[in-house]
Amino acid sequence: MTDEELVVEFALARLDHPGLDLEEIAAVVVRRAGPDRQLEFASRNLAQRGELRGGAYETAVEYVLRVVLRLRDAAD
């Protein structure tokens, strides 16, 4: 999944759950993506942070947030 596709998934989840904060929306995206994508997101995040270990779910949620915030800040 590209970063742009991830942002689209995030935006759709935000439309479905307007009352949630950004981290909660990222968690929705990770849950919807399934275990294979969760592992993909987690491994990308750990690689960006230069780490070898981390909880897959929490790290995947952090990755989704990093991508969304980075692309949002780049657009500003």
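First things first, this report covers the structure right here in the doc. This is a predicted model, so every value here is computed, not measured.

1. Section: the packing of aromatic side chains
Tallied over the full model, the rule gives 1 aromatic pair. Ring centres 5.7 Å apart and planes at 25° place the aromatic pair F41 and Y63 in the stacked group. In this pair, F41 sits in helix α2 (residues 22–49) while Y63 sits in helix α3 (residues 56–75), placing the two residues 22 residues apart along the sequence. For F41, a relative accessible area of 1% translates into the label buried.

2. Quick notes on the side chain of T59
In this fold, T59 is placed in helix α3. If we skip the residues at most four places from it in the chain, T59 touches A42, N45, L46 and G54.

3. Brief notes about the nonpolar core
Counting 18 residues, the largest nonpolar core has L6, F10, A26, V29, V30, F41 and V64 as its most contacted members. Looking at this core, the element that brings in the most residues is α2, giving 8 residues. Setting aside anything within four residues of it in sequence, one finds V64 in contact with L6, F10, A26, V29, V30 and F41.

4. Observations concerning α3
Helix length check: α3, at 20 residues, gives a terminal C-alpha distance of 29 Å against a target of 28 Å (1.5 Å per residue), a fit within 8%. Every buried residue of α3 is accounted for by T59, A60, V61, Y63, V64, L65, V67 and V68. Residues of α3 that are buried make contact with α1 (3–16) and α2.

5. Observations regarding α2
With 28 residues, α2 should cover 40 Å at 1.5 Å per step; its first-to-last C-alpha distance of 20 Å lies more than 12% under that length. Within α2, the axis deviates most sharply at G34, by approximately 125°, and proline P35 lies no more than four positions further along. Listed in full, the buried residues belonging to α2 are I25, A26, A27, V28, V29, V30, G34, Q38, F41, A42, N45 and L46. Tucked into the core, α2 has its buried residues touching α1 and α3. The N-terminus of α2 is capped by D21, whose side-chain oxygen sits 3.2 Å from the backbone nitrogen of E23. Residue G50 follows α2 closely and has a positive phi angle near 70°.

What counts and how
Residues numbered from 1 in each chain as written. Predicted model: local features only at pLDDT ≥ 70, side-chain atom pairs only at ≥ 80, totals over all residues. Heavy atoms only, no water. Phe/Tyr/Trp six-rings, centres within 6.5 Å; stacked < 30°, edge-to-face > 60°. Helix = DSSP H or I, 4+ residues; strand = E, 2+ residues; numbered from the N terminus. Buried < 20%, exposed > 50% of the residue type's maximum accessible area, 1.4 Å probe, protein only. Contact = heavy atoms within 4.5 Å. Core = buried A, V, L, I, M, F, W, Y, C linked by side-chain atoms within 4.5 Å. Expected span 1.5 Å × (residues − 1). Bend = angle between axes of the 7 residues up to and from the residue. Polar contact = N/O pair within 3.5 Å; in protein donor to acceptor, adjacent residues only side chain to side chain.

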